[in-house]
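The residues making up each chain are set out below.
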Amino acid sequence: MGSSSQGSAAVAAAAQVDLCALDFIPVFAKEMIAGGVAGAFSKTAIAPLERVKILLQTRTSEFGSLGVLKSLKKLRQHDGVKGFYKGNGASVLRIVPYAALHFMAYERYRCWILNNCLSLGTGPLVDLLAGSASGGTAVLCTYPLDLARTKLAFQVNSSDQLSSALKRASPQPTYGGIMDVFRGVYSEGGVRALYRGVGPTLMGILPYAGLKFYIYEGLKTHVPEDYKNSVTLKLSCGAAAGLFGQTLTYPLDVVRRQMQVQNQQQRGQFGGPRITGTFQGLMAIKQTQGWRQLFAGLSLNYIKVVPSVAIGFTAYDTMKHLLKIPPREK
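Residues numbered from 1 in each chain as written. Predicted model: local features only at pLDDT ≥ 70, side-chain atom pairs only at ≥ 80, totals over all residues. Heavy atoms only, no water.

A. The side chain of Arg256, seen in detail. Its location among the elements puts Arg256 in helix α11 (residues 231–261). Looking at Arg256, its side chain comes within polar contact range of the side chain of Asp146, at 2.5 Å. If we ignore the near neighbours within four places in the chain, the residues touching Arg256 are Tyr143, Asp146, Gly197, Pro200 and Thr201. (Helix = DSSP H or I, 4+ residues; strand = E, 2+ residues; numbered from the N terminus. Polar contact = N/O pair within 3.5 Å; in protein donor to acceptor, adjacent residues only side chain to side chain. Contact = heavy atoms within 4.5 Å.)

B. Structural view of helix α9 (residues 178–194). The end-to-end C-alpha distance of α9 is 12 Å, clearly below the 24 Å that 17 residues give at a rise of 1.5 Å each. Helix geometry: α9 is bent most strongly at Glu188, by close to 105°. Of the positions making up α9, those classed as buried are Ile178, Val181, Phe182, Gly184, Val185, Gly190, Ala193 and Leu194. (Expected span 1.5 Å × (residues − 1). Bend = angle between axes of the 7 residues up to and from the residue. Buried < 20%, exposed > 50% of the residue type's maximum accessible area, 1.4 Å probe, protein only.)

C. Examining the packing of aromatic side chains more closely. Per the stated rule, a full pass over the model turns up seven aromatic pairs. Considering the side-chain rings of Phe103 and Phe313, the 6.1 Å spacing of their centres and the 85° angle between planes classify their relative orientation as edge-to-face. Of the two residues, Phe103 sits in helix α6 (residues 88–116) while Phe313 sits in helix α13 (residues 298–322), which places them 210 residues apart along the sequence. Accessibility expressed as a relative area gives 3% for Phe313, which makes it buried. Both rings, one in Phe213 and one in Phe313, keep their centres 5.4 Å apart while their planes meet at 90°; by these two values the pair is edge-to-face. Placement of the pair is Phe213 in helix α10 (residues 198–221) and Phe313 in helix α13, with a sequence separation of 100 residues. Residue classification places Phe213 among the buried residues on the basis of a relative accessible area of 1%. One aromatic cluster is present, formed by Phe103, Tyr106, Phe213, Tyr216, Phe313 and Tyr316 through successive ring pairs. (Phe/Tyr/Trp six-rings, centres within 6.5 Å; stacked < 30°, edge-to-face > 60°.)

D. Local environment of the packing of α10 against α13. Between α10 and α13, the shortest axis-to-axis distance is 13 Å and the interhelical angle comes to 65°. In this structure, the crossing between α10 and α13 has a hand that is right-handed. Contacts from Tyr208, Lys212, Phe213, Tyr216 and Lys220 of α10 reach α13 at Val305, Val309, Phe313 and Asp317. Looking at the contact of α10 with α13, its residues break down into six nonpolar, no polar and three charged. (Axes fitted to C-alpha atoms, helices over the stretch in contact; angles between N-to-C directions. Left-handed = near helix turned anticlockwise from the far one by under 90°. Nonpolar A, V, L, I, M, F, W, Y, C, P; charged D, E, K, R; others polar.)

The structure is reproduced here in structure tokens:
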């Protein structure tokens, strides 16, 4: 009996020690942990759809006429099940620091705006500005990893005549991993080459990140207090935020992907002029590939962005609760 009581006391003491240790972690570090975990969960969940989306955006001759299911089937035939997650290592490696910085920077920027820009009030406009600024900060810090992810996802192991003809017309180096991509790209154009396509990325992420937080937080403020902790509600708000934001900024994402996969020596991935900037890229793609290409993979993006953004926001809020991060009002 005494032994049982001592064991219970030891467990309670251990729990108290863990609680105290958690309390010593700075709030910004907890926010980074919560954001990183949320990003890893959401990105891994939709990795196969992300791979197909990149192929639809960049390999139009091979995948452009196929639907989502046929593209997944073709990808499985060429690369196997592992092919669905090709480039996901780089994706997760990028998304963990990206999401950690994104969510943490959002909280910090939001706090700074509330304390220093009183004329803006405390409404959704603050979330719009803080979300945009945090998105830009996270992109600049992690962009080379996104470039590596795209390079790896662009590769398809294929021996058919169409793929062979494309390789002869537009040669692309074969990369074995993330570091291999960094070495190859750096040898092409130095540090600037590692940030190829960052212009359209920033133009896309600033409004998208801002709208995402604006819609998500705005919807939550109009919900009765009893339902604010509902997982279903958080998933729904996150899905709506992702859908609306992606629709408005998707053409910029297409320009970014095509800039990332083209080489320094290439004239253009599809025989047209080389993409060197955001607006020039939009016009070049419209003239050489048609305006529909600016929305290639958008339907697939709708399928993937719903669970991705919804899981991301829900996981972040859940981790904030588990890590005992104080409410924003405090």
